[in-house]
Amino acid sequence: MVEILRIAVLITALCVLQTYGQIDTSVCTGFDPSPNDPKFPSIPSSFEVHVEANIQDHQYTSDFHLWYDYDHRMVSMHSDSAGVRTAVIYNFNTSQFIATDRDTNLCTVKRLDAYVPMFNIFGKMVDGNAQMLNPYQMLRFNDQAVRQKYNNQTTIRGILCDWWTSCYYFDTTQTTMKVDWYYSAASWTTSTLNQGVPVRASVVGKINSSPAKPRPFNHMYEFLNFQILTTPGGRNPFMTPVHAYCGGETSVKPLPNPTSAFHFTAEIVNPNSNTIDGITEHFNDELQLGRYDYISSTALPYGISSPLSEIHDFSTGVAYITDRKRGNCTAVPIESLMFDVKNVDGSHVRIRTSKEFFYFDNTNYIYEGQRTIRDVVCDVWIAQRTDWPLPGAGINSTWEWAFATPQYSENLPDTLQFANPVQLYIDGGPNSGIQYFYNIYAYNEQRPSIWSYDISPCYNYTSRRDFSYILGGNYDILVAANMEGFRYANLRALVKAGTVGGMTLSALRIYNIQADKNNGTSVSVTFTLLDKAPSVGDVTKPVQENDLSTVANAISNAINSGKMIVTMRDPSTNQPVTLTAQMNNLIATQKVTKVLYYRNNVVTGPKTSSGSSGGAMAGMGVALLVVFFIGGVLAMYFFYRKQGGAFGPKKFNNEDITESSD
């Protein structure tokens, strides 16, 4: 509706550098409206409409889809003309004009001013600033240059219409034009149930580009599917085309800040290879730990379709890769191109920060607006990178992050501090062969159990020892009702007791804490102690560790000296309770060997015992109560694994430490 009038002006009058003359009376001289004329249809402040423009004097047709939102001060228009498909946005909030080729995604950003194409359709300059015109201003209603009259009712395209005629004169371009407006009659029911919608506009006129050669024009505009603009249910028309990056566009909303604790499951869709991969991610930058469960996609060294669990311990630089089906484990240096790894230099790695994990670093993300993805309304940000998959050797790739709007996140069981990621899209551009959709599910910031990191399958019987000790206390009161709290309390005490010579005992080395009811006044505790990490790590300063015998002696000395104290809360009173290990009661035992150490995180044992689910404790320090997870960007892992490529420098040979004792 708004488009028609000003498009005519644009096509006929834009770009005229010098004009001559005055109103051309051969076109029209104005009309005297009758006091009995019906009121011209009201114009909504926000609407969308399809327009077919038939430029008869030049014999071509163009198609337009216009979205006009005066309330939010934005206009968007898609045009199809002579095979060129363009999307333009007039953003009066940021004073920017954004034009994108919808086929190539090539984008141009300019300052919004009178020199921008078609600016005069929607705006005017006031004191050097672009100001949006309201619908009545655009249609020149109540303008001194506009005089209109009601003619009658007539039929257009089979639709009963009210017919008005207007005469327009624009002094700046010396253009005279007569416009016949056809709106559906009030008695006619439209497909959208809106009354008085535009159906057609016929525009004839002359532009006096020179005194002797006035140029005539004749345009016909057909309006289709006019409707009041509502909240978009899918593609937001006021965003740039999907996956189009417009450098220089002003971002009106910052990225969310990732927290240090979350985990999620993701599916990775690769349209180029028609494959779908799945992965579960956990990460903790505070404890320098990560875990990833996935299915192997290459034959070596683990076999195709092997279910693998990979644990990264950045304190030592060791990756523990366990086949969850067979139970065997391999310890290797953390590969430098894994998705939780940042290269320090050509030979060393470190854990990524949370922002680096989401690839929020080293680039500027632009807020595009809202888009519906997987039936979820999302806030979407876009960026371009040249440092992926390798710094200095990357491609020009587009990255789009979509996060559920707070309305969705607020309905989750736990309030999210970060945001709820829904999808990451990566596109390497034409001929790159790189295109990924990362659909993220079950995102959760809740801190999971500390027993999630299990490296015990990497240690054979010569690299582990089983022990038991006695704690004074009532099993039924302190243990049965609070088994996890009891295990955590013992873990903290064992870490403290095993820390000697300035070398902290890593909780990863304490496995399978169990509690048995000894009698009414004591509890029998069993656990497995693992040897120190193999010397294959590739971090700059690996944590130094004591060997198995040194740690075992330190724990024994703490017990024998009465310093092995377990502090926890009584579940019945919520009051602190201290339990002291009975002196001279650390006993080497084989009892724990009855437990299935690793088989799909299921632990079996005596009915009066309770094993840690999967066994291994992740983290270090006395205050380790929980494990933080952070999920990372998955691209490098799957891209390089599927290409059969190496994951960075191999300073050490792969070592299966279950085949040798340390």
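All values derive from a computational prediction rather than experimental measurement. (Residues numbered from 1 in each chain as written. Predicted model: local features only at pLDDT ≥ 70, side-chain atom pairs only at ≥ 80, totals over all residues. Heavy atoms only, no water.)

**Q** Help me out: how do you make sense of the packing of aromatic side chains in this one?
**A** Both the distance between ring centres and the angle between the ring planes are used here to describe each pair of aromatic rings. This structure, assessed with the given rule, holds 33 aromatic pairs. Between Phe262 and Phe418, the aromatic rings sit 6.0 Å apart at their centres with planes inclined by 20°, giving stacked as the arrangement. Taken together, the residues span a long stretch of sequence, with Phe262 in strand β14 (residues 262-270) and Phe418 in the loop between α5 (406-409) and β25 (420-427) at a distance of 156 residues. Exposure class is identical for Phe262 and Phe418. Each is buried. Relative to Trp401, the ring of Phe360 has its centre 6.4 Å away and its plane inclined at 85°; by these criteria the two rings are edge-to-face. Of the two residues, Phe360 is situated in the loop between α4 (354-357) and β22 (366-373) and Trp401 in strand β24 (residues 395-404); the sequence distance between them amounts to 41 residues. As far as burial versus exposure is concerned, Phe360 and Trp401 are alike and both buried. Grouped by ring-pair contacts, the aromatic residues Phe262, Phe264, Phe358, Phe360, Tyr365, Tyr367, Trp381, Trp401, Phe403, Phe418 and Tyr443 constitute a single cluster. (Phe/Tyr/Trp six-rings, centres within 6.5 Å; stacked < 30°, edge-to-face > 60°. Helix = DSSP H or I, 4+ residues; strand = E, 2+ residues; numbered from the N terminus. Buried < 20%, exposed > 50% of the residue type's maximum accessible area, 1.4 Å probe, protein only.)

**Q** Would you mind going over the pattern of salt bridges with me for this structure?
**A** Oppositely charged side chains are able to pair whenever their charged atoms sit close together. The tally for this structure, following the rule as stated, stands at 18 salt bridges. For Glu222, the salt bridge identified is with Arg157, shortest N-O distance 2.5 Å. Taken together, the residues Glu222 in strand β13 (residues 215-228) and Arg157 in the loop between β9 (146-156) and β10 (159-170) connect sequence positions 65 residues apart. The closest approach of N and O atoms between Lys253 and Asp379, which form a salt bridge, is 3.1 Å. (Salt bridge = Lys/Arg side-chain N within 4 Å of Asp/Glu carboxyl O.)

**Q** In this structure, what is going on with the state of the cysteines? I would like to understand it.
**A** Cysteine pairs can be linked by a disulfide, which is a covalent bond between their two sulfur atoms. Under the definition given, this model contains three disulfides. What connects to what in the protein, once the bonded cysteines are numbered by sequence position, is 1-3, 2-4, 5-6. (Disulfide = S-S within 2.5 Å.)

**Q** Would you explain the sheet that holds strand β28 (residues 510-519) in this entry?
**A** Backbone hydrogen bonds hold the strands of a sheet together, and the pairing may be parallel or antiparallel. With antiparallel pairing, four strands are arranged side by side in an open sheet as β28-β29-β27-β32. One side of each edge strand has no neighbouring strand; the edge strands of this open sheet are β28 and β32 (587-588). Here nine bridges tie strand β27 (residues 464-472) to strand β29 (residues 522-530), and the two strands are oriented antiparallel to one another. Across the sheet, Asp466 pairs through a bridge with Thr528, a residue of β29. Along the sheet, helix α7 (residues 483-498) contacts β27, β28 and β29; its crossing angle with β28, the most-contacted strand, is approximately 115°. (Pairing = 2+ DSSP bridges. Contact = heavy atoms within 4.5 Å. Axes fitted to C-alpha atoms, helices over the stretch in contact; angles between N-to-C directions.)

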